[in-house]
Amino acid sequence: MVLTTGLFFLWGVANNLNDVLIAHFRHVFSLSDFQSGLVQSAFYLGYFCFAIPAALAAERLGYKATVILGLLLFGGGALLFLPASTQLSYGFFLFALFVIASGLAFLETAANPMVAVMGPAEGAAQRLNLAQAFNPLGSITGVALGATLILSDAPRQGAAGAAAVQLPYLGIALVVLGWAAALTFTRFPRAAMQAEATTGPIFAGYGALLRRPRYLAGVAAQFFYVGAQVGIWSYLIRYAESVVPGIGAQKAAWLLTLSLALFMVGRFIGAALLSRFDGARLMALFAGINIVLSLVAVTGGVVGLAALVATSFFMSILYPTIFVLSLRGLGPLTKAGASMIVMAIIGGAVLTMAMGLLSDLTGTIRTAMLVPALCFAVVGLYAWAARREGVA
């Protein structure tokens, strides 16, 4: 259970270390905001491409083997940072991130159900909540690691800047590959290791899902939500440097750490509120607040920065709530439906690029915050429609 729970921490580190890389690579390679945003595009494209293959692997190989495969890809991608830095190639770095994300797609697909089968069925929810609590801790650790070892208040360019990523990613690779070895030689419950018997066509059910408008609306809402979340966190350091002259990338990264801490606190408070209010109503409220905060961020200054940091608290419940509402009533189509919602995180790639492009066209990162404002409006509209249909 300890080894399995650690997986949630590890992919949290990898996910949010990207936010530091965007700020760092922008200086190292003298990139525009659009070009630096390709970090998230390469990363989330890996998730998109491997979501369904990972589900098929878990079905055919079992959860444990799928997790080990994911760790090997994760560790291999981290090791690719070493030749990428010596060759001073931004494209090579993007490929390395794609490989890391492909591994994480396998981990995320298999780890959640594996935790559920790691003990008595009546304790499954408790085990899963405990494991998931380590994910935001990993996110905070990733940003703190990047702020300490990668970023500098005097931005480094060229070879010196590229070399700064070697130590943290070498450390990540060693930990991840060591974790894979430990899992390999640890006896797991049979349910975590055995493949499932499959019946019918591999892609059965996907066609039926495409004929369900309410489900497709949920997929769209998830696409826009993830785009808002990834975009805000990706450009928060850049935004802080822009609206608070002299703050420096390293200090700005600690504001991102604060933002992630608020996200974690929001998860706990949101979970408590969901025991008293229906999900659609609370989601509509939180999305509405974030529309306002995103528009305040467009105005810039310290107030705009504070508003942007505060959005993380109100983003906390959106992803899981959309996930649950989208899958409600799907019955035998639930597994296929879940994989398509995971694929919707490609919004993190598409909309982060859109924010970078808008920033480049207008000459200021502040205007890019119009994109998450629009995203939260889509989420709010989905929540309103769900309430009208009585799906709460």
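To be clear, the structure that these remarks concern was listed above.
Now for a description of the structure that goes with this document. Note that the structure is predicted; figures quoted are calculated from it, not measured.

### Section: the side chain of Gln222
In step 1: Tracing the sequence through the fold places Gln222 in helix 13 (residues 213-243).
In step 2: With near-sequence residues (within four places) excluded, Gln222 lies in contact with Tyr319, Ile322, Phe323, Ile341 and Ala344.

### Thoughts on the pattern of salt bridges
In step 1: Overall, the coordinates contain four salt bridges when judged by the stated rule.
In step 2: One salt bridge in this structure joins Arg26 and Asp33, with 3.1 Å as the shortest N-O distance.
In step 3: Exposure remark for Arg26: the relative accessible area of 22% places this residue in the partly exposed category.
In step 4: When its relative accessible area of 2% is taken as the criterion, Asp33 is described as buried.
In step 5: Linking Asp278 and Arg387 is a salt bridge whose minimum nitrogen-to-oxygen distance equals 2.7 Å. In this pair, Asp278 is assigned in the loop between helix 14 (249-274) and helix 15 (279-299) and Arg387 in helix 20 (residues 370-388), connecting sequence segments 109 residues apart.
In step 6: Residues joined in a network through salt bridges with shared partners are Arg26, Asp33 and Arg238.

### Observations regarding the packing of helix 19 (residues 347-362) against helix 20
In step 1: Remark: helix 19 packs on helix 20, axes separated minimally by 9 Å, with the N-to-C direction vectors making an angle of 140°. The pairing of helix 19 with helix 20 is recorded here as oblique in orientation. Along the contact surface, helix 19 presents Leu351, Met355 and Leu358, while helix 20 presents Val371, Pro372 and Cys375.

### Details of a nonpolar patch on the surface
In step 1: Together, Leu72, Leu79, Leu170, Leu174 and Leu177 make up a nonpolar patch on the protein surface, roughly 400 Å² of accessible area in all.
In step 2: Top contributing element to the nonpolar patch by residue count: helix 10 (residues 166-184), with three residues.

### Let's talk about the environment of Tyr44
In step 1: Counting through the fold element by element, Tyr44 comes out in helix 3 (residues 38-61).
In step 2: Given a relative accessible area of 9%, Tyr44 falls into the buried group.
In step 3: When the C-alpha atoms of Tyr44 and Ala159 are compared, they prove to be 26 Å apart, with 115 residues separating the residues in sequence.
In step 4: In this structure Tyr44 touches Asn15, Val230, Ile345, Ile346, Gly348 and Ala349, once residues within four positions along its chain are discounted.

### Quick notes on helix 20
In step 1: Compared with the 27 Å implied by 1.5 Å per residue over 19 residues, the 27 Å span of helix 20 between its first and last C-alpha is a close match.
In step 2: For helix 20, the full list of buried residues reads Val371, Pro372, Ala373, Cys375, Phe376, Val379, Gly380, Tyr382, Ala383 and Ala386.

Calculation criteria
Residues numbered from 1 in each chain as written. Predicted model: local features only at pLDDT ≥ 70, side-chain atom pairs only at ≥ 80, totals over all residues. Heavy atoms only, no water. Helix = DSSP H or I, 4+ residues; strand = E, 2+ residues; numbered from the N terminus. Contact = heavy atoms within 4.5 Å. Salt bridge = Lys/Arg side-chain N within 4 Å of Asp/Glu carboxyl O. Buried < 20%, exposed > 50% of the residue type's maximum accessible area, 1.4 Å probe, protein only. Axes fitted to C-alpha atoms, helices over the stretch in contact; angles between N-to-C directions. Parallel < 35°, antiparallel > 145°, perpendicular 65-115°, else oblique. Patch = residues over 30% accessible without salt bridge, like charges linked within 9 Å, V, L, I, M, F, W, Y side chains within 5 Å. Areas by Shrake-Rupley, 256 points an atom, 1.4 Å probe, with all protein chains shown as cover. Expected span 1.5 Å × (residues − 1).

By themselves, these observations are geometric and do not establish any function.
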